[in-house]
Amino acid sequence: MENFDYIIVGAGPAGLSSAVYASRSGLETLVLDSVLLGGQAMQITDLENYPGVFPSINGLDFMENMKKQAIQFGAKVKIGNVLSIDKNNGKFIIKTKNEVYSSICLLIATGAIHRNLDIPGEKQFVGRGVSYCAICDGPFFRNKKIVVVGGGDSACSEATYLSTISKDIKIIHRRNEFRAQKAVVDKMLASGVVPIYNSIVKSVNGTNKVESILVENVTNHTVSSIETDAVFVFTGMIPQVSLIENLQKDEYGYILANEKMETSVEGLFVAGDVRSKSFRQIITAASDGAVAADSAGKYVRK
């Protein structure tokens, strides 16, 4: 069993930011994730709103630089699917498939995953027109008909990106206005994306691939069919909390923590999109991680 001062579960912006600060302050730090790099930042084509990062870079390069920075300061970054987390005699025991680790304190930075529509045809056509990652699958639908579903920052940003691939982009939102930041919405609309308000997707249809969707207007309940080659779904996130079900959470399932990133369990911190908060961006995740590292350092020294 390997022993550390500080173990971080999750290699997204929150986890790696925390690793930078923790290892730089002298903590023996380990970052664990099921993949070498994690987080939604990997899907960003142009990161243009992170202060000091200008001109924009893609999310992969940004995360790779953050990983290298953490390693440079002494952190270890390992691939490992965490199977269980326990606390015995004041120490956290983290088990993966092949290893067991212990630490004085622990950070949960597991993020969140995309929410499904749970409608007929959605699962059937995943990989054949239904997607949750525009940068991954968008190029397959160059100059074809594309529908985006959602109304937040992610949906509008991804629709803007897809407008560089095709000029036939529609975005369907269940309300009469988008939840995304005004600047994000303005940029999307300026790119030529056509909004369809007050509507929900009832089914995804086709034979061997997506050919159309059935859409219902929630105000007058009329139903119409829209021809499309692809459906990109961005309708919210589900916090990844299965490893720590006993922690206090908000009504949406996000982990509660104070301004020091402390949870209801002593020595256990949380950072990033899995934490209950009103605004989720790379910069807020990185900030959470830095604060958690500072708190962890004080906890270890105490």
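Predicted model, so just to flag it, every value in this text is computed and none were measured.

Time to look at the nonpolar core. Among the nonpolar cores identified, the biggest contains 34 residues, and Tyr6, Leu16, Phe62, Leu107 and Phe269 are the most heavily contacted of them. Of all the secondary structure elements, the ones that give two or more residues to this core are strand S1 (2–9), helix H1 (13–24), helix H2 (59–72), strand S6 (100–108) and helix H6 (282–301). When residues of this core are assigned to their parent elements, the largest contribution, 7 residues, is made by H6. When neighbours within four sequence positions are excluded, Leu16 is seen to be in contact with Gly10, Ala11, Val31, Leu37, Met63, Met66, Lys67, Ala70 and Val77. In this structure, Cys156, Tyr161, Ala180 and Phe232 belong to the second largest nonpolar core, which totals 21 residues.

Looking now at the environment of Lys182. Assignment of secondary structure puts Lys182 in helix H5 (residues 182–190). When the C-alpha positions of Lys182 and Asp153 are compared, they lie 9.4 Å apart, and in sequence the two are 29 residues distant. A polar contact of 2.7 Å, which involves the side chain of Lys182, links it to the side chain of Asp186.

As a further point, take the side chain of Thr29. Among the secondary structure elements, Thr29 is positioned in strand S2 (residues 29–33). Separated by 3.0 Å, the side chain of Thr29 and the backbone oxygen of Leu27 make a polar contact. The residues contacting Thr29, other than those within four sequence positions of it, are Phe4, Tyr6, Ile8, Ala19, Ala22, Ser23, Ala75 and Lys76.

The next point concerns the layout of surface pockets. The space that makes up the second largest pocket amounts to roughly 200 Å³. In this structure, the second largest pocket is lined by 13 residues; those nearest its centre are Lys260, Glu262, Phe269, Ser295 and Tyr299. Within the residue set of the lining of the second largest pocket, elements represented by two or more residues are strand S17 (268–270) and H6. With 4 residues, the top contributor of residues to the lining of the second largest pocket is H6. A per-class count over the lining of the second largest pocket returns 4 nonpolar, 3 polar and 6 charged.

About the thresholds
- Residues numbered from 1 in each chain as written.
- Predicted model: local features only at pLDDT ≥ 70, side-chain atom pairs only at ≥ 80, totals over all residues.
- Heavy atoms only, no water.
- Core = buried A, V, L, I, M, F, W, Y, C linked by side-chain atoms within 4.5 Å.
- Buried < 20%, exposed > 50% of the residue type's maximum accessible area, 1.4 Å probe, protein only.
- Helix = DSSP H or I, 4+ residues; strand = E, 2+ residues; numbered from the N terminus.
- Contact = heavy atoms within 4.5 Å.
- Polar contact = N/O pair within 3.5 Å; in protein donor to acceptor, adjacent residues only side chain to side chain.
- 1 Å grid on protein atoms, 1.4 Å probe; cavity = no way out; pocket = protein on both sides within 12 Å on 5 of 7 lines; lining within 4 Å.
- Points joined across faces, edges and corners; volume = space filled by probe spheres on them.
- Nonpolar A, V, L, I, M, F, W, Y, C, P; charged D, E, K, R; others polar.

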